[in-house]
Amino acid sequence: MRPDIHHLTGAYVADALPPQEELLFERHLEECSLCAAEVRELRETTARLALAAAQQPPPALRQQVLAEIGSVRQQPPPVLSLPGQRRARATWLVRVAAVVVALAIIAALGTVILRQQDRIDRLQASNTEVTEVISAPDAQTAVAKTGGASGLVVYSRERNAAVFSSSGLADLPSDRIYQLWAIGPSGATSEGLLDYSNGRTEPAVAQSLAGAQSLGVTAEPAGGSAAPTSDPVLVVPLPA
Amino acid sequence: MEDEQRRDSHEPPLAGAWDQWGANREVPMGRTGRLRPVMSGDSEGRITADELLGRVARGDTEAFAQLYDQLSGAIYGLVRRILRDPAQSEEVTQEVLVDVWRRAAKYDADRGSATAWIMTIAHRRAVDRVRWEESSAAREERTARQTFAAAADPVAEEVETRLEHEQVRRCLGSLTDLQRESVRLAYYGGYTYPQVAELLSIPLGTVKTRLRDGLIRLRDCLGVAR
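So, how was this worked out
Residues numbered from 1 in each chain as written. Chains lettered and ligands numbered in written order. Predicted model: local features only at pLDDT ≥ 70, side-chain atom pairs only at ≥ 80, totals over all residues. Heavy atoms only, no water. Contact = heavy atoms within 4.5 Å. Buried area = accessible area lost by both parts, 1.4 Å probe. Salt bridge = Lys/Arg side-chain N within 4 Å of Asp/Glu carboxyl O. Polar contact = N/O pair within 3.5 Å; in protein donor to acceptor, adjacent residues only side chain to side chain. Phe/Tyr/Trp six-rings, centres within 6.5 Å; stacked < 30°, edge-to-face > 60°. Helix = DSSP H or I, 4+ residues; strand = E, 2+ residues; numbered from the N terminus. Buried < 20%, exposed > 50% of the residue type's maximum accessible area, 1.4 Å probe, protein only. Core = buried A, V, L, I, M, F, W, Y, C linked by side-chain atoms within 4.5 Å. Pairing = 2+ DSSP bridges. Arc of directions from axis to C-beta. Axes fitted to C-alpha atoms, helices over the stretch in contact; angles between N-to-C directions. Parallel < 35°, antiparallel > 145°, perpendicular 65-115°, else oblique. Nonpolar A, V, L, I, M, F, W, Y, C, P; charged D, E, K, R; others polar. Disulfide = S-S within 2.5 Å.

A. Structural context of the interface of chain A and chain B. The interface is formed by 61 residues belonging to chain A together with 87 residues belonging to chain B. For the chain A and chain B pair, buried surface summed over both sides reaches about 6,800 Å², with 59% attributable to carbon and sulfur atoms. Of all residues in chain A, Glu44, Arg48 and Gln55 of chain A bury the most surface against chain B, accounting for 12% of the area lost on that side. Summed over the shared surface of chain A and chain B, the result is five salt bridges. Note that Asp15 of chain A and Arg124 of chain B form a salt bridge whose closest N and O atoms lie 3.3 Å from each other. Scanning the region where chain A abuts chain B turns up 25 residue pairs in polar contact (both at pLDDT 80 or more).

The structure is reproduced here in structure tokens:
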């Protein structure tokens, strides 16, 4: 990791980092509480720059937006909070409700906690791989957009591996999961299940990409499928 | 039909756009060391964006309409400054607002003010749109450098003439030229820092540093934190 990564807070809040560096910095941000605090402060600062740029939008926009939200379902709040992510201003009632809901979920799906631990383990294991691919000398980046979702691929031919991450994918019902596929002339090969939260999928490493032309995401039944059972919701071509 | 109406009204009136931001002119200086919500301390007794967003998360469409009235101007203004194209800006503004509605429950007050959260979404969306268009355009023609050079001056000029918020204007004026230009090109221009480095003919490392210390100086000047 480069020594000056702390200095990227400014470029980060201005959305001025190229995709690879943004990924690296967000990874760093999870471990660096000083950087996170500075990012918070600088975001309040850039918000002021936004307020200072205010312009009256076309008057018809108000009605359009209000009409559209009438047909858009809202995402639920996060309930099982991760360690260190205290819910703000939770009253005791909310806390009790959260515990009740959590217990109900655990009862219904005894595996949730195990899977959560498993997820953390996998994240830690993939951390090194992700960093290795991203910082490979021959790493190339591709971005693609399908509908409202956008995907980023950092591909190293030498390592025969690619890091995939995405944003803007829709929430899935609890019995569905996003699965990543390497797609080539001979069909699709599973690259594993994606960890999805808040519209983003965690960076995942796809391997054995010989013959693959793109990476694609489908929504599959929980547990994943051997072969895709639906059309991809997002496809990113591998950089040539 | 509605579509045509909308295209007719693209040029927004600038005069009076600031009236609705009057409450922000007095910005409290931080004393407690905690971040302050940008919209707090409303002298007109208006409900803060933080409170409205909490109600929006519970499906309150009336609160959403109030939030629209408070922040749609800032969202549109920011998006417009980055994208320039009025039709695209309107489209992205709508996407941002619908996204705020959809994700309201994900907002965590511990991580900053509602206004900052919303403006982060808006800036990201606008920049994503720019990068997306550039990435497909770049495949067709490799004249990016010329495009950047041509676009540079108008961006700076527009910021100069349209920055009506006195305090922000004054604080931007307290930055060094390189800090100000870096912040302007990156935040209002939607350029990546390597592009900013190219435009200003300065090393990459310098841009990163100027962006950071420029924003820190702005932060202190605006009394946003500390």
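Back to the write-up after that little detour.
B. Quick look at the packing of aromatic side chains. Residues and elements named next belong to chain B. Counted by the stated rule, this structure contains five aromatic pairs over all chains. Their ring planes at 80° and their centres at 5.7 Å tell us that Phe64 and Trp101 sit as a pair that is edge-to-face. With Phe64 in helix H3 (residues 61-83) and Trp101 in helix H4 (residues 86-103), the pair connects residues that are 37 residues apart, well separated along the chain. Both residues of the pair, Phe64 and Trp101, count as buried.

C. Quick peek at the nonpolar core. The biggest cluster of nonpolar side chains holds 81 residues, and the ones touching the most others in it are Leu49 of chain A together with Leu53, Leu67, Ile75 and Leu218 of chain B. Element by element, the count of residues in this core is highest for H3 of chain B, at eleven residues. Excluding anything up to four places from it in sequence, Leu218 of chain B contacts Thr45 and Leu49 of chain A together with Cys171, Leu172, Leu175 and Val183 of chain B. The next biggest cluster of nonpolar side chains, apart from the first, holds 22 residues, and it includes Ala149, Leu194, Ala219 and Val236 of chain A.

D. Spatial organisation of the pairing of strand S8 (residues 214-221) of chain A. All names here are of chain A. Burial analysis of S8 places seven of its eight residues in the buried class, which makes it a mostly covered element. Two strands pair when backbone bridges link them, and strand S4 (residues 176-184) and S8 are joined in this way by eight bridges, in the antiparallel orientation. Considered in S8, the bridge of Tyr178 is made with Ala219. Bridge analysis of S8 against strand S9 (residues 234-237) gives four bridges, and the strand direction is antiparallel. Bridged to Gly216 within S9 is Val235.

E. Structural detail: the pattern of salt bridges. Scanning the entire structure with this criterion turns up 19 salt bridges over all chains. Via salt bridges that share partners, Glu91, Glu95, Asp99, Arg102, Arg103, Arg125 and Arg129 of chain B belong to a single interconnected network.

F. Examining the side chain of Gln70 of chain B more closely. By secondary structure assignment, the location of Gln70 of chain B is in helix H3. At 2.7 Å, the side chain of Gln70 of chain B and the backbone oxygen of Ile47 of chain B are in polar contact.

G. Spatial organisation of the sheet that holds strand S2 (residues 149-156) of chain A. Residue and element names in this part refer to chain A. If you walk across this open sheet you meet the five strands as S1-S2-S3-S7-S6, and the pairing is antiparallel. Looking along the sheet, the strands with just one partner apiece sit at the ends: strand S1 (140-146) and strand S6 (196-197). One ladder, built from six bridges, connects strand S3 (residues 161-167) with strand S7 (residues 200-207); its direction is antiparallel. Bridge pairing links Ser166 to Thr201 in S7.

H. Region of interest: helix H4 (residues 60-69) of chain A. Residues of H4 of chain A that are buried: Leu61, Gln64, Val65 and Ile69 of chain A. Taken down its axis, H4 of chain A places every buried residue within 125° of arc, on the same side.

I. Expanded view of the packing of helix H2 (residues 19-31) of chain A against helix H3 (residues 33-52) of chain A. Residues and elements named next belong to chain A. Axis separation between H2 and H3 bottoms out at 6 Å; the angle between their running directions is 110°. As judged from the angle between their axes, H2 and H3 are roughly perpendicular. On H3, the residues that touch Phe25, His28, Leu29 and Glu31 of H2 are Ser33, Cys35, Ala36 and Val39. The residue inventory of the contact of H2 with H3, partitioned by class, reads five nonpolar, two polar and one charged.

J. Broad picture of the side chain of Ser156 of chain A. Residues and elements named next belong to chain A. Assignment of secondary structure puts Ser156 in strand S2. For Ser156, a relative accessible area of 0% gives the class buried. Aside from chain neighbours lying at most four places away, what touches Ser156 is Val133, Ala136, Asp138, Ala139 and Ala161.

K. Quick look at the sheet that holds S9 of chain A. Residues and elements named next belong to chain A. Spatially, the four strands line up as an open sheet ordered S5-S4-S8-S9, and their pairing is antiparallel. The two strands at the open ends of the sheet, each matched to only one other strand, are strand S5 (187-193) and S9. Taken pair by pair, the neighbouring strands of this sheet meet at an average axis angle of 30°, ignoring direction.

L. Up close: unusual backbone geometry. A positive phi is found at Asp15 of chain A, a non-glycine position, where the angle reads about 50°. Of note, Asp15 of chain A is situated in the loop between helix H1 (9-13) and H2. Look at Ser201 of chain B: it is not a glycine, yet its phi comes out positive at around 50°. Residue placement: Ser201 of chain B occurs in the loop between helix H9 (193-200) and helix H10 (204-222).

M. Structural view of the state of the cysteines. All names here are of chain A. Tallying each qualifying case throughout the model produces two disulfides over all chains. Each disulfide pairs two cysteine sulfurs, and for Cys32 the partner residue is Cys35, the sulfurs being separated by 2.4 Å. Residues Cys32 and Cys35 are joined by a disulfide whose S-S torsion is about 70°; by sign, that bridge is right-handed. Cys35 shares its class with Cys32; the two are buried.

Everything listed is a geometric property; what it means functionally is a separate question.
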